[in-house]
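Listed here are the chains, written in short residue letters.
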Amino acid sequence: MLAVALVVAGLLLLAVVGLGIMLIGGGGADSPSSASAPVTSTLPRASTAPPRTSEPPATSAPDLSQIPGGVGEAIGAAGAAVGTITSNDGSTLILDGIGGSAVTVATNESTKIISLSGAKVGDLKPGDTVVVQGEKGDDGSVLAKVIVNTTLPDLGNFGN
């Protein structure tokens with residue numbers, strides 16, 4: 001059941017990011033068509049694409065604020081949270097969530113920690129990015145069942 005919930009949370013996050021990318025830079029009149037005529041010649045073909053008349057838009061992070069309710073609320077409604085730890089007292093984390101709001105993550109003795117840098121809640125450090133799956137509280141907090149630390153530990157500088 002826990003694995004299913006993590007997969008669902010991950011898919012939800014991917015769907016939201018994909019939707020944001022489609023809203024920002026999705027197809028248009030100059031998108032390539034998926035239909036094409038069969039090629040019967042074995043000779044190389046010259047490019048027939050028209051010359052570009054304008055510069056492509058600068059790439060930047062998609063503006064996910066256009067999603068109704070916001071990304072943070074959508075993820076929070078699923079009993080999950082994604083963000084950067086701003087404080088950790090050993091049992092409660094405060095995250096700077098992807099929606100821009102502070103998220104309180106409560107833990108208990110059955111909370112599982114998946115991390116390369118430690119096995120306890122107290123091992124998670126401010127600045128670490130985490131994905132949390134649990135149960136949404138009435139106050140908007142999340143009681144964590146699983147916390148996955150996505151920050152890699154500093155392994156030193158190999159090559160000097």
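Residues numbered from 1 in each chain as written. Predicted model: local features only at pLDDT ≥ 70, side-chain atom pairs only at ≥ 80, totals over all residues. Heavy atoms only, no water.

**Some thoughts on the pairing of strand β2 (residues 92-97)**
Note the following rule: Remark: exposure states derive from per-residue accessible area (1.4 Å probe, protein chains only) relative to the maximum for the residue type, with buried under 20%, exposed over 50%, and partly exposed in between. Each helix is a run of H or I in the DSSP string that is no shorter than four residues. Each strand is a run of E no shorter than two, and both are numbered from the N terminus. Strands qualify as paired when DSSP identifies two bridges or more between them.
Here β2 shows one buried face, formed by Leu93, Leu95 and Gly97, and one open face, formed by Thr92, Ile94 and Asp96. Hairpin connection from strand β1 (residues 80-88) to β2: 3 residues lie between these consecutive antiparallel strands, with glycine 90 at a positive phi of about 100°. The sheet contact formed by β2 and strand β3 (residues 102-106) spans 5 bridges and is antiparallel. Bridge pairing in β3 places leucine 93 opposite valine 105. In this structure, the hairpin formed by β2 and β3 is closed by a connection of 4 residues, where glycine 100 is found at a positive phi of approximately 95°.

**A closer look at the side chain of serine 141**
Applicable threshold: Whenever a nitrogen or oxygen atom comes within 3.5 Å of another N or O atom, the pair is scored as a polar contact, on the condition that within protein one atom can donate a hydrogen and the other can accept it, and that pairs from neighbouring residues in sequence are kept only if both atoms are in side chains. In this analysis, two residues are considered to be in contact whenever any of their non-hydrogen atoms come within 4.5 Å of each other.
Positionally, serine 141 belongs in the loop between β5 (129-136) and β6 (142-149). We classify serine 141 as buried; its relative accessible area is 15%. Within the structure, the side chain of serine 141 is placed 2.7 Å from the side chain of aspartate 139, a separation counted as a polar contact. Serine 141 has contacts with Thr104, Glu135 and Lys136, leaving out every residue within four places of it along the chain.

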